[in-house]
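Chain by chain, the residues run as shown.
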Amino acid sequence: MSGINDFVVKFATVNGSGSASANGIFAKTLFRMGIPVSPKNIFPSNIQGLPTWYEVRVSEAGYLARRDGIDLMVAMNPQTFKEDLAEVVPGGWLLYDSTLPRLWPREDVTILGVPIAEMCAAKWQDTRQRQLFKNMVYVGALSALLDIDMDVLKGAVADQLKGKEKLVAANMDAVGLGRDYALKNFNCPLPIHLRHAEGAKGKILVSGNDAAGLGALYAGATVCAWYPITPSTSLAEAFERHAKRLRVTKDGRRLFGIVQAEDELAAIGVAIGGGWNGARAFTATSGPGISLMSEFLGLAYFAEVPVVLFNIQRGGPSTGMPTRTQQSDILSCAYASHGDTKHVLLFPANPTECFSMGAQAFDLAERLQTPVIVMSDLDIGMNDWVTEPFAWNDAHVHDRGKVLDAEQLEKFKDVRGRDWGRYQDVDEDAIPYRTLPGTHPTKGAFFTRGTSHDENARYTEDGVIHARVLDRIRRKFDTAQNFVPKPEVTIRDKSGKTGLIYFGATTPAVREALDALERDGVKVNALRIKAFPFTRDVASFCAMHERVFVVEQNRDAQMRSLLMTEAEVPGAKLIPALNYDGMPLTAAFVQGVVLKQLQPAKAAAE
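The rules we used
Residues numbered from 1 in each chain as written. Predicted model: local features only at pLDDT ≥ 70, side-chain atom pairs only at ≥ 80, totals over all residues. Heavy atoms only, no water. Helix = DSSP H or I, 4+ residues; strand = E, 2+ residues; numbered from the N terminus. Rg over C-alpha atoms; globule rule 2.2 N^0.38 Å. Buried < 20%, exposed > 50% of the residue type's maximum accessible area, 1.4 Å probe, protein only. Pairing = 2+ DSSP bridges. Axes fitted to C-alpha atoms, helices over the stretch in contact; angles between N-to-C directions. Core = buried A, V, L, I, M, F, W, Y, C linked by side-chain atoms within 4.5 Å. Contact = heavy atoms within 4.5 Å. Polar contact = N/O pair within 3.5 Å; in protein donor to acceptor, adjacent residues only side chain to side chain. Domains from an automatic or database assignment. Salt bridge = Lys/Arg side-chain N within 4 Å of Asp/Glu carboxyl O. Nonpolar A, V, L, I, M, F, W, Y, C, P; charged D, E, K, R; others polar.

1. A closer look at the overall build of the protein chain
Then, number 1: Scanning the protein chain from terminus to terminus reveals 20 helices and 22 strands.
Then, number 2: By the compact-globule yardstick of 25 Å for 606 residues, the protein chain fits well, its C-alpha radius of gyration being 27 Å.
Then, number 3: Seen through its principal axes, the protein chain has C-alpha atoms that stretch 90 × 65 × 40 Å.
Then, number 4: Expressed as a percentage of the 606 residues in the protein chain, the buried residues total 56%.

Next comes the structure, spelled out in structure tokens:
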């Protein structure tokens, strides 16, 4: 086996052992060598003691999806030795702490034993230091085995421990221990190794939650109300961190508000209150929080209050798998709350889009006067991604929508020919004009609540009026098609009869699978959904093809259901391609589903 800048390394450690920092330094070093990497942190939902893994796919070609099979396993957890060994591909390598030597029941894997604990015990007296520096010793061994640029590695360590020069030196000592041992005892580098490349040049390495928090800041958000829940917590923390850096005046005055509420209900309530008062407000949560927030989302929908919600989806139902990824909240978000509701959804595929769509969500929420939900997930949100730098136009003016100031209220009847009413459809786009509290001393005030109301926000139980208001709000959803991001269409065969629909975090796996299928002579056209409501392009794409695979990470084919219901695509032509094991999708899975349908004999042989 050989592969320069094309392999997978996996670290098997124990949660709470301090390995996360060392593993992150490894990934960042490769990225700084110009090599596209895709790190995936696979961790348990407890605080410490259970097995944790960290995969790093190295791909100079720029493929960022997970790949089946591990080329080099760093097995530091005896509890998982058996399953870790099983993942190594034939001809691969396994590195472990050989302080306590063991026999490995595979002859097709090269075992690299490094007496890590023994070396650390001889070097450091402090027990905690021994434990922490063990991680940097295996990084040091990898630096020799994979031919890592030591100057780049030292720079990554220095940045990780900025302001702690003594720790930098100690960590590099640990790196030196592992590197020297590997150079003396193994043939270095291995057939799989690294070289400087250009694939990551000009790109950044960042998580989706960090990007979304920054996007909210650039969008002008000033209110964040949240309740801690994995995997969304780091988004609110990122917003606060960015706001403290960019939203504090010279005299120390904060131009933002952060509220850690007592629960998810309070969090969405505060955010809706902020939107009603004219602030750009948001909250962040995951599946269980969506369930709790549903009634409040119905209130914002019916009262037509702008609010943004970031849903970082995780494994469900119920508590489910808090530290695994899924796309299983599509229907619960599209129709969140009881009664007739329908919400705008955005589907970012990477951190760059978490930033741009995160910012766009606030413009949409205020333009449409409705909740907008950004549908990220744990894979995008918590893992670091090699992605395009964020772009922002400093000339951008936030779209506050139809907000009347005092002068416009005074002239409303003269201009529009009627008195202002909070829920009147004056422009026939189903979007009414609104006012903010305190805008005018006598005009523009109104009172509304979750009960039925007429066009002037007056309470009513008249069924005809109620139906009329509901119909107008539904038409607003049609208007939203003109504002949401359009889908991305890729035509590989103009006369092709097979299409594929995908969205969100499945994007890297699908794109790699499409390339692999084409190399095998199978051309498949594809459409990436970026938003709900669906634009006409989605129905047109489906109409062009005899069969359309719908790739999604949930059990019940929720996006397929949405396509059938909202785009009126016949269910017979929509073929579900479903993965819901909580792990990020692989290209092999997508390729296998397509071949099983199109070339069943070949798929069975493989």
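After that view, the rundown keeps rolling.
2. Comments concerning the pairing of strand 15 (residues 371-377)
Then, number 1: Most of strand 15 sits out of view: seven of its seven residues are buried.
Then, number 2: Going residue by residue along strand 15, you find Pro-371, Ile-373, Met-375 and Asp-377 tucked away on one face and Val-372, Val-374 and Ser-376 tucked away on the opposite face as well.
Then, number 3: Sheet analysis places strand 13 (residues 307-313) next to strand 15, joined by seven bridges and oriented parallel. Paired with Val-307 across the bridge in strand 15 is Pro-371.
Then, number 4: One ladder, built from three bridges, connects strand 14 (residues 344-346) with strand 15; its direction is parallel. What sits directly across from Leu-345, in strand 15, is Ile-373.

3. What about the sheet that holds strand 7 (residues 110-114)?
Then, number 1: Read from one edge to the other, the open sheet built from six strands follows the order 3-4-2-5-6-7, with strand pairing classed as mixed. With partners counted over all chains shown, the strands left at the sheet margins are strand 3 (37-42) and strand 7, one partner each. Strand-to-strand twist in this sheet, taken as the mean axis angle between neighbours without regard to direction, amounts to 15°.
Then, number 2: As judged from the four bridges shared by strand 2 (residues 6-14) and strand 5 (residues 70-75), these two strands associate in the parallel manner. Of the residues in strand 5, the one forming a bridge with Phe-11 is Val-74.

4. As for the nonpolar core
Then, number 1: By size, the foremost hydrophobic cluster in this structure holds 84 residues, and its most contacted members are Phe-282, Phe-310, Ile-529, Phe-534, Met-559 and Leu-563.
Then, number 2: Here this core takes nine residues from helix 12 (residues 351-368), the largest share from any one element.
Then, number 3: Discounting residues that sit within four places of it in the chain, Ile-529 has contacts with Phe-347, Ile-501, Tyr-502, Phe-503, Phe-534, Met-559 and Leu-563.
Then, number 4: Counting 56 residues, the second-largest nonpolar core is a separate cluster that includes Phe-31, Leu-95, Ala-144 and Ala-182.

5. Side note on the side chain of Gln-369
Then, number 1: Tracing the backbone through its elements, the reader meets Gln-369 in the loop between helix 12 and strand 15.
Then, number 2: A polar contact is formed between the side chain of Gln-369 and the backbone oxygen of Pro-432, at a distance of 2.7 Å.
Then, number 3: What Gln-369 contacts, discounting residues up to four positions off in sequence, is Glu-304, Val-305, Pro-306, Leu-364, Lys-402, Arg-422, Ile-431, Pro-432, Tyr-433, Arg-434 and Lys-476.

6. Section: the sheet that holds strand 18 (residues 498-503)
Backbone hydrogen bonds hold the strands of a sheet together, and the pairing may be parallel or antiparallel.
Then, number 1: With mixed pairing, the five strands of this open sheet are ordered in space as 17-19-18-21-22. Two strands in the sheet have a free side with no partner beyond their single neighbour: strand 17 (488-490) and strand 22 (574-578). Neighbour to neighbour, the strand axes of the sheet diverge by 20° on average, direction disregarded.
Then, number 2: In this sheet, strand 21 (residues 547-552) lies alongside strand 18 in parallel orientation, the contact comprising four bridges. What sits directly across from Ile-501, in strand 21, is Val-550.
Then, number 3: Strands in contact with helix 17 (residues 536-544) are strand 17, strand 18, strand 19 (525-529), strand 21 and strand 22; relative to strand 19, the strand with the most contacts, it is inclined by about 155°.
Then, number 4: The strands that helix 19 (residues 587-598) touches are strand 18, strand 21 and strand 22; relative to strand 21, the one it contacts most, it runs at about 155°.

7. Examining the domain arrangement of the protein chain
Then, number 1: Annotation of the protein chain at the domain level lists domain 1 (6-185), domain 2 (206-387), domain 3 (403-480) and domain 4 (488-605).
Then, number 2: Summarising the inter-unit geometry, the C-alpha centres of domain 1 and domain 2 are found 34 Å apart.
Then, number 3: Counting from both sides, the interface comprises 11 residues of domain 1 and, opposite them, nine residues of domain 2.
Then, number 4: At the surface where domain 1 touches domain 2, the tally comes to one salt bridge.
Then, number 5: Note that Asp-379 is salt-bridged to Lys-40, the shortest N-O span being 2.8 Å.
Then, number 6: At the junction of domain 1 and domain 2, the tally comes to four residue pairs in polar contact (both at pLDDT 80 or more).
Then, number 7: Ranked by residue count, the leading element in the side of domain 1 that touches domain 2 is strand 3, at five residues.
Then, number 8: Here the residues of the side of domain 1 that touches domain 2 sort into eight nonpolar, two polar and one charged.

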